Amino acid sequence: MHNNIKEGLKDGIPIALGYFSVSFTFGMLAVNSGMAPLHAVLISLFNLTSAGQFAGLNVILSGASLLEMALTQLVINMRYALMSLSLSQKFDSCVKTRHRLLIAYGNTDEIFAVASSKRGSVGQYYMYGLILLPVLGWVGGTLTGAIASTVMPAFVRSALGVALYGMFIAIVVPPAKKESTVRTVVFIALALSSMFYYLPVLKQVSGGFMIIICTLLAAGIGAVLFPIKEGEEA
């Protein structure tokens, strides 16, 4: 069983470094959009989800309702519930409910992947160590980006704003090049998003519901076109 907090801290270092760079851009974007640095930091501290936070920021800026925000976060972050159920099968019997609730807070994609790859079971102290540095990296990166955005010259902020879109492209393009299924779903999502942006009737739909509809439709069409048979590796 893996239940050494030092081992968890060591495994969490690469995740923390990656989180710092991504959350830096979130903090910068949030402040450039008119949000106070403190609010950006609180979002990162209590949300801890990159896709959910960037989508949530768009919902906030569009002036959408709380219902739209809740539904957007539910759709985008639903995968965490499934990952938590899967990860719970790796826990040793010593991991009681109170520990599971705390671990669930920090069960992100990367933390789930590292913990799941461990041979044998894992305990709560290993998970606490694994989660601690990534959380500090995520919140610290947001704070650094938010503060930097208030002191950087306008031309630097503009350049980094363009780099942000480059980051999203870098996330999507590699898997899309390798997998035709991913590429098809990406194009479907792009087509749906463009329809909601340009078509007279669809462009009246608020930003929050547009994200929800495009996500569900693209994922649903992808599931129909490329079903994964039972027992087949995803």
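- Taking an unreviewed UniProt entry as the reference, the protein is identified by name as AzlC family ABC transporter permease belonging to Blautia parvula.
- Here is the UniProt Sequence similarities (unreviewed entry) comment for the protein, exactly as written: "Belongs to the AzlC family."
- We quote the UniProt Subcellular location (unreviewed entry) comment for the protein here in full: "Cell membrane".

### Description of the packing of aromatic side chains
Move 1: In the structure shown here, the tally under the stated rule is four aromatic pairs.
Move 2: Ring centres of Tyr19 and Trp138 lie 5.5 Å apart, and the angle between their planes is 75°; this geometry places the pair in the edge-to-face category. Placement of the pair is Tyr19 in helix 1 (residues 5-32) and Trp138 in helix 7 (residues 124-151), with a sequence separation of 119 residues. Of the two residues, Tyr19 and Trp138, neither departs from the other in class, the shared state being buried.
Move 3: Summarising the aromatic geometry, the rings of Phe26 and Phe54 are spaced 5.5 Å apart at their centres and angled 90° between planes, so their arrangement reads as edge-to-face. With Phe26 in helix 1 and Phe54 in helix 3 (residues 50-61), this pair connects stretches of sequence that are 28 residues apart. Like Phe54, Phe26 is buried.
Move 4: In this arrangement the basic side chain of Arg79 is found over the ring face of Tyr80, its NZ or CZ atom lying 4.3 Å from the centre.

### Regarding the nonpolar core
Move 1: Leu87, Phe91, Ile103, Ile111, Met127, Leu130 and Ile131 are the most contacted members of the largest nonpolar core, which has 21 residues in total.
Move 2: Sorting elements by how many residues they give to this core places helix 7 first, with seven residues.
Move 3: Leave out the neighbours within four places in its chain, and Ile103 touches Phe91, Val95, Gln124, Met127, Tyr128 and Ile131.
Move 4: Residues Phe26, Ala30, Ala40 and Leu57 belong to the second largest nonpolar core, which totals six residues.

### Some remarks on helix 3
Move 1: Over its twelve residues, helix 3 extends 17 Å from the first C-alpha to the last, a length consistent with the 16 Å expected when each residue adds 1.5 Å.
Move 2: What helix 3 keeps buried is the set Gly52, Gln53, Phe54, Ala55, Gly56, Leu57 and Val59.
Move 3: Its side-chain oxygen placed 3.3 Å from the backbone nitrogen of Gly52, Thr49 serves as the N-cap of helix 3.
Move 4: In the stretch just after helix 3, Gly63 is the one whose phi turns positive, near 70°.

So, how was this worked out
Residues numbered from 1 in each chain as written. Predicted model: local features only at pLDDT ≥ 70, side-chain atom pairs only at ≥ 80, totals over all residues. Heavy atoms only, no water. UniProt positions renumbered as here; feature names shortened; annotations may be inferred. Phe/Tyr/Trp six-rings, centres within 6.5 Å; stacked < 30°, edge-to-face > 60°. Helix = DSSP H or I, 4+ residues; strand = E, 2+ residues; numbered from the N terminus. Buried < 20%, exposed > 50% of the residue type's maximum accessible area, 1.4 Å probe, protein only. Lys NZ or Arg CZ within 6 Å of the ring centre and 35° of its normal. Core = buried A, V, L, I, M, F, W, Y, C linked by side-chain atoms within 4.5 Å. Contact = heavy atoms within 4.5 Å. Expected span 1.5 Å × (residues − 1). Polar contact = N/O pair within 3.5 Å; in protein donor to acceptor, adjacent residues only side chain to side chain.

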